[in-house]
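Chain residues, written in single-letter form:
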Amino acid sequence: MTETAMEISCQELVELVTDYLEGALAPEDQDRFDSHIAACDGCRRYLEQIRVTVTLSGRLSPEQLDPAAQAALLQAFRNWKGERK
Amino acid sequence: MEHALPADEMQLVEALRAGDERVFEQLVRMYQGTLLRVAQMYVSSRSVAEEVVQETWLAVLNGIDRFEGRSSLKTWIFHILANRAKTRAQREGRTIPFSSLGDSEPAVQPDRFAGGHWAAFPDDWPEERLLGDETMRVIERAIEGLPPTQQAVITLRDVQGWTAEDVRNALELSETNQRVLLHRARSKVRRSLEEYLVEDA
């Protein structure tokens, strides 16, 4: 098989991005991915945007508990603690 | 494989056993939102999910003396949640959703490509807008709009920063399915960001 026949297209690359970032690509796919990315500005930008998406998601603050549920949980905790004595 | 818990986690467990309320509150703050999101994968409504999470915390307290530290505390808590939620889902007559990976849309709309290559490169994201508060709300809404299984995986991986292994254990997913779900979720959140950040996307 020729080199060209083994190349991946941009459309294929965007579906491999997660496997790439997870280190889950087979070695030959990893090579194809790397050489594509080295030569393609569009895919480099796409990969960068996925990285930014992941980074920004990590800055979301987790949902907070509403006060009633919080109070109920603390009450449950105190009951539990009381029963242990 | 790590067998021993990190010292700080064992301290948490000891404090909990001793009845330290602040430690309990800290754990609740840390995991409540994520527990709710995971519970909603299994059960039909937000209110049932809240009940399941409440039951989980009680089970954590009642089981803490038996916790042996063979898994991380986090994994143990999410295991309890998954078991409770499954029992509840069965009672509701719902099938467990992990056989389903949600939808299978392509990461990028096919009309963005011509002959497999970008018809036009993805637009640059303007930094000013990217770093604005509204961007965070766009991400939040995008995650909330995902199918429940994708939502759970991206929440644990990217919002909470869990490892792939922890997520697979907590959600009882295969390596491949964990990745497929993460891939679909991230692709869609990126797309929502693009729609927001690029005026004429």
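Residues numbered from 1 in each chain as written. Chains lettered and ligands numbered in written order. Predicted model: local features only at pLDDT ≥ 70, side-chain atom pairs only at ≥ 80, totals over all residues.

When helices and strands are counted, chain A shows 5 helices and 0 strands. Ordered by position in the sequence, the α and β elements of chain A form the string α-α-α-α-α. By residue count, 18% of the 85 residues in chain A fall in the buried class. (Helix = DSSP H or I, 4+ residues; strand = E, 2+ residues; numbered from the N terminus. Buried ≥ 20, exposed ≤ 12 C-beta atoms within 10 Å, placed from the backbone.)

It is worth spelling out the packing of helix α2 (residues 10-21) of chain A against helix α4 (residues 41-57) of chain A at this point. Residues and elements named next belong to chain A. At a closest axis distance of 11 Å, the pairing of α2 and α4 adopts a crossing angle of 20°. Compared by their axis directions, α2 and α4 come out roughly parallel. Classified by chirality, the crossing of α4 by α2 is right-handed. Between α2 and α4, the contacting residues are Cys10, Leu13, Val14 and Val17 on the first element and Gly42, Cys43, Tyr46, Leu47 and Ile50 on the second. Across the contact of α2 with α4, the residue classes break down as 8 nonpolar, 1 polar and no charged. (Axes fitted to C-alpha atoms, helices over the stretch in contact; angles between N-to-C directions. Parallel < 35°, antiparallel > 145°, perpendicular 65-115°, else oblique. Left-handed = near helix turned anticlockwise from the far one by under 90°. Contact = placed C-beta atoms within 7 Å. Nonpolar A, V, L, I, M, F, W, Y, C, P; charged D, E, K, R; others polar.)

At the junction of the two partners, chain B supplies 38 residues and chain A supplies 35 residues. Of all the secondary-structure elements, those providing two or more residues to the side of chain B that touches chain A are α2 (21-42), α3 (46-63), β2 (117-118), α6 (133-144), α7 (148-159) and α9 (175-197) of chain B. Per-class residue counts for the side of chain B that touches chain A are 21 nonpolar, 10 polar and 7 charged.

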